[in-house]
Amino acid sequence: QVQLLESGGGLVQTGDSLRLSCAASGRAYRSYAMGWFRQAPGKEREFVATINWSGSITDYTDSVKGRFTISSDNAKSTVYLQMDSLKPEDTAVYYCALTWGYGLARSRAGVNFWGEGTLVTVSS
């Protein structure tokens, strides 16, 4: 069993930055990819960003490319999401996700573990 604990959410204004963190603990004895998803009120949970096991490959949804950066610190079993130039449409609960394997965590269906989420609110 793996536990994922997110932190770093909050209320910011348009154009501000936030950094989300997700610490993994428990029996993460296999290779895995980490990802961030988000869910806005009344909408489905959507993919935001992902990073592979070695940290060498990343991917982003089009709406955050150039503004968000995902990174990882394997020694700390932690993944980060640096969010710059935030917009009101980025307002959502952000969820950390872990998917076993050497690929990427792009698909909700492939996620093995979810965090409980952290709320990001961007005011206009």
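Structure report, in brief. (Residues numbered from 1 in each chain as written. Predicted model: local features only at pLDDT ≥ 70, side-chain atom pairs only at ≥ 80, totals over all residues. Heavy atoms only, no water.)

**Considering the packing of aromatic side chains**
Note the following rule: Each pair of aromatic rings taken from Phe, Tyr and Trp, with Trp reduced to its six-membered ring, is defined by centres within 6.5 Å and is described as stacked if the planes are under 30 degrees apart, edge-to-face if over 60, and tilted in the remaining cases. We count a stretch as a helix when DSSP gives it H or I for four or more residues in a row; a strand needs E for two or more, and each element gets its number in order from the N terminus. Relative accessibility thresholds used throughout: buried, under 20% of the residue-type maximum; exposed, over 50%; partly exposed, between the two (1.4 Å probe, protein chains only). Put simply, a charge is over a ring when the Lys NZ or the Arg CZ is close to the ring centre, within 6 Å, and near the line of the ring normal, within 35 degrees.
On inspection of all chains with the given rule, the structure shows six aromatic pairs. Judged by centre distance (5.9 Å) and plane angle (70°), the rings of Phe37 and Phe47 are edge-to-face. Of this pair, Phe37 sits in strand β4 (residues 32-39) while Phe47 sits in strand β5 (residues 46-51), and the two are ten residues apart along the sequence. Here Phe37 falls in the buried class, since its relative accessible area comes to 0%. Overall, Phe47 belongs to the buried group, its relative accessible area being 15%. These aromatic residues form a ring-pair network of at least three members: Tyr32, Trp53, Trp100 and Phe113. In this arrangement the basic side chain of Arg45 is found over the ring face of Tyr95, its NZ or CZ atom lying 3.6 Å from the centre.

**Description of the pattern of salt bridges**
Test applied: Salt bridge criterion: a side-chain nitrogen from Lys or Arg within 4 Å of a carboxyl oxygen from Asp or Glu.
According to the stated counting rule, one finds six salt bridges in the structure shown. Its salt-bridge partner being Asp90, residue Arg38 comes within 3.0 Å of it at the nearest N-O pair. Of the two residues, Arg38 sits in strand β4 while Asp90 sits in the loop between β8 (78-83) and β9 (92-100), which places them 52 residues apart along the sequence. For the pair Arg38 and Asp90, one class covers both residues: buried. A salt bridge links Arg67 to Asp90; the shortest N-O distance between them is 2.8 Å. Residue Arg67 is located in the loop between β6 (58-60) and β7 (68-73), and its partner Asp90 is located in the loop between β8 and β9; the two are separated by 23 residues in the primary sequence. As far as burial versus exposure is concerned, Arg67 and Asp90 are alike and both buried. Through salt bridges with shared partners, a single ionic network connects Arg38, Glu46, Arg67 and Asp90.

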